[in-house]
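# Structure at a glance
Next come the chains, spelled out residue by residue.
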Amino acid sequence: MSASASFVEHVRDLLSPIGALTDGSFFGGHAFKYRQVQFAMIMGSTLYFRVNERTRKAYELKGSKPFSYLTKKGVVQVRKYYAAPADLLESQEQLLTWARQAIDAEQAITPSTPPSRSA
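Residues numbered from 1 in each chain as written. Predicted model: local features only at pLDDT ≥ 70, side-chain atom pairs only at ≥ 80, totals over all residues. Heavy atoms only, no water.

### Notes on the overall build of the protein
When helices and strands are tallied, the protein shows three helices and six strands. The N-to-C order of helical and strand elements in the protein reads α-β-β-β-β-α-β-β-α. In the protein, of all internal contacts separated by at least 6 residues, the share reaching a separation of at least 24 is 53%. For the protein, the computed accessible surface area is about 7,500 Å², with 52% contributed by carbon and sulfur atoms. (Helix = DSSP H or I, 4+ residues; strand = E, 2+ residues; numbered from the N terminus. Contact = heavy atoms within 4.5 Å. Areas by Shrake-Rupley, 256 points an atom, 1.4 Å probe, with all protein chains shown as cover.)

### Quick word on the pattern of salt bridges
For the structure on display, the rule yields six salt bridges. The salt bridge partner of glutamate 9 is arginine 12, with a shortest N-O separation of 2.5 Å. Here glutamate 9 and its partner arginine 12 are both found in helix α1 (residues 5-15), three residues apart, which amounts to about one turn of the helix. The exposure class assigned to glutamate 9 is partly exposed, which follows from its relative accessible area of 37%. Across the salt bridge formed by glutamate 53 and arginine 56, the nearest N and O atoms sit 2.7 Å from each other. What you see here is one network of salt bridges that share partners, running through Glu9, Arg12 and Asp23. (Salt bridge = Lys/Arg side-chain N within 4 Å of Asp/Glu carboxyl O. Buried < 20%, exposed > 50% of the residue type's maximum accessible area, 1.4 Å probe, protein only.)

### Re the nonpolar core
Residues Leu15, Phe32, Phe39, Ile42, Leu47 and Phe49 are the most contacted members of the largest nonpolar core, which totals 25 residues. Secondary structure elements with two or more residues in this core: α1, β2 (29-34), β3 (37-43), β4 (46-50) and α3 (92-109). Among the elements that line this core, the one with the most residues is α3, at six residues. Beyond its immediate sequence surroundings of up to four residues, isoleucine 42 is in contact with Ala3, Phe7, Val8, Val11, Gly29, His30, Phe32 and Leu47. Judged by nonpolar contacts, the second largest core, of six residues, contains Met43, Tyr48, Phe67 and Ala83. (Core = buried A, V, L, I, M, F, W, Y, C linked by side-chain atoms within 4.5 Å.)

### Section: α1
Here α1 has its buried residues at Phe7, Val8, Val11, Leu14 and Leu15. What you see down the axis of α1 is that its buried residues fit within an arc of 125 degrees, all on one side. Relative to its buried face, α1 has exposed residues pointing more than 90 degrees away, namely Ala5 and Ser6. (Arc of directions from axis to C-beta.)

### Things to note about the packing of aromatic side chains
Going through the model one piece at a time under the given rule, you end up with six aromatic pairs. Ring centres of phenylalanine 26 and phenylalanine 27 lie 6.2 Å apart, and the angle between their planes is 85 degrees; on these two criteria the pair is classed as edge-to-face. Seen from their ring centres, phenylalanine 67 and tyrosine 69 are 6.0 Å apart, and the 35 degrees between their planes marks the pair as tilted. Given the relative accessible area of 9%, phenylalanine 67 is considered buried. Connected via pairs of aromatic rings, a cluster forms that spans Tyr48, Phe67 and Tyr69. (Phe/Tyr/Trp six-rings, centres within 6.5 Å; stacked < 30°, edge-to-face > 60°.)

Remember that the coordinates give geometry; whether it matters functionally is a separate question.
If you want it as structure tokens, here you go:
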């Protein structure tokens, strides 16, 4: 399931106020990164945000499901990415709030790399 180019462009525009964003294709989807740390992805026409134990419950309360895919052995759920609630796409302010929480969720898990020293 490849990412919809028009949807990717729309989400990119909505997320642009965050700044320091990069994005690119991967395995048929599209990744969004903040300072080289992936916090969101698009598969098809669904936006997924990175969650952690603290933020997952808000997604579940909104009825969001984790990213999943089918293999020969069955369905695999990737519980670190949940579908962004549909109503977020109607409010840039709300989308940005949840996006920042996704960035924080990923940064809490991914230790920052210390700056390299020049010799």
